[in-house]
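Chain by chain, the residues:
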Amino acid sequence: MTTSSASTRKGLTKIATNRLQKEFMEWQTNPPAGFKHRVSDNLQRWIIEVNGAPGTLYANETYQLQVEFPEHYPMEAPQVIFQHPAPLHPHIYSNGHICLDVLYDSWSPAMRLSSICLSILSMLSSSAVKQKPKDNDHYLKNCKNGRSPKETRWRFHDDKV
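The model shown is predicted, which means the values in this text are computed figures rather than measured ones.

1. Considering the environment of Phe 24
So, point 1. You can see Phe 24 is positioned in helix α1 (residues 14-29).
So, point 2. For the pair formed by Phe 24 and Trp 46, sequence separation is 22 residues and the distance between their alpha carbons is 9.8 Å.

See below:
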């Protein structure tokens with residue numbers, strides 16, 4: 001896996017490159033259960049296949065996560081969104097944006113992509129209903145031109161779903 005400037009928007013710092021290379025090697029030998037990394041030559045953008053956990057509403061379903069690592073990763077959280085079609089879930093908007101605190105306010109540089117993936121799988125697995133967020137249409141109207149979910153002021157108020 002390389003980090004050519006042609007394949008990234010902003011170059012990664014040396015710290016970010018070293019950290020991502022280490023995480024990449026860990027994924028090759030011990031990926032989190034239920035996840036598969038589709039290897040490409042772009043270290044800054046990963047596509048992760050998510051398989052719904054057995055015994056949940058999402059069992060036997062597969063989704064794709066797109067992960068964009070910022071220039072200063074791990075000091076800054078990666079942008080993580082579901083590619084279309086996103087799962088129907090009260091905290092996942094139909095454009096793929098995910099309302100999950102570890103992706104924003106609760107991010108810590110000690111976290112790894114594998115811990116984010118497990119948090120997402122846990123969120124999916126604990127859901128009792130398959131439905132869009134109540135404010136999905138309003139959010140989509142206000143989220144135009146490919147706006148990053150990191151530009152949203154999320155209100156983390158419901159951890160029952």
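2. Observations regarding the UniProt feature "active site" (unreviewed entry) in the protein chain
So, point 1. In the numbering used here, UniProt assigns the "active site" (unreviewed entry) feature to Cys 99.
So, point 2. With respect to the helices and strands, Cys 99 occurs in the loop between β4 (79-82) and α2 (113-125).

3. Quick look at the environment of Trp 46
So, point 1. Here Trp 46 lies in strand β2 (residues 45-51).
So, point 2. Residues Trp 46 and Phe 69 lie 23 residues apart in sequence; the distance between their C-alpha atoms is 8.3 Å.
So, point 3. A distance of 2.9 Å separates a polar atom in the side chain of Trp 46 from the backbone oxygen of Leu 43.

4. Some words on the packing of aromatic side chains
So, point 1. On inspection of all chains with the given rule, the structure shows seven aromatic pairs.
So, point 2. Taking 6.2 Å as the distance between ring centres and 80° as the angle between the ring planes, the aromatic pair formed by Phe 24 and Trp 46 counts as edge-to-face. Here Phe 24, found in helix α1, pairs with Trp 46, found in strand β2; they are 22 residues apart in sequence, far enough to count as distant. For the pair Phe 24 and Trp 46, a shared accessibility class is recorded, and that class is buried.
So, point 3. Summarising the aromatic geometry, the rings of Tyr 93 and Tyr 139 are spaced 4.3 Å apart at their centres and angled 35° between planes, so their arrangement reads as tilted. One end of the pair, Tyr 93, is in the loop between β4 and α2; the other, Tyr 139, is in helix α3 (residues 136-142), and 46 residues separate them in sequence.

5. A few points about the pattern of salt bridges
So, point 1. Across all of its chains, the model carries five salt bridges by this definition.
So, point 2. Its salt-bridge partner being Glu 23, residue Arg 19 comes within 2.8 Å of it at the nearest N-O pair. Note that Arg 19 and Glu 23 are positioned in helix α1 at a spacing of four residues, about one turn of the helix. Each member of the pair, Arg 19 as well as Glu 23, carries the same accessibility label: buried.
So, point 3. Of the charged contacts, one joins Lys 130 and Glu 61 as a salt bridge, the two residues approaching to 2.3 Å between their closest N and O atoms. Residue Lys 130 is found in the loop between α2 and α3, and its partner Glu 61 is found in the loop between β2 and β3 (62-68); the two are separated by 69 residues along the sequence.
So, point 4. In the salt-bridge network here, residues are joined through shared partners; they are Arg 19, Glu 23, Glu 26 and Arg 112.

The rules behind the values
- Residues numbered from 1 in each chain as written.
- Predicted model: local features only at pLDDT ≥ 70, side-chain atom pairs only at ≥ 80, totals over all residues.
- Heavy atoms only, no water.
- Helix = DSSP H or I, 4+ residues; strand = E, 2+ residues; numbered from the N terminus.
- UniProt positions renumbered as here; feature names shortened; annotations may be inferred.
- Polar contact = N/O pair within 3.5 Å; in protein donor to acceptor, adjacent residues only side chain to side chain.
- Phe/Tyr/Trp six-rings, centres within 6.5 Å; stacked < 30°, edge-to-face > 60°.
- Buried < 20%, exposed > 50% of the residue type's maximum accessible area, 1.4 Å probe, protein only.
- Salt bridge = Lys/Arg side-chain N within 4 Å of Asp/Glu carboxyl O.

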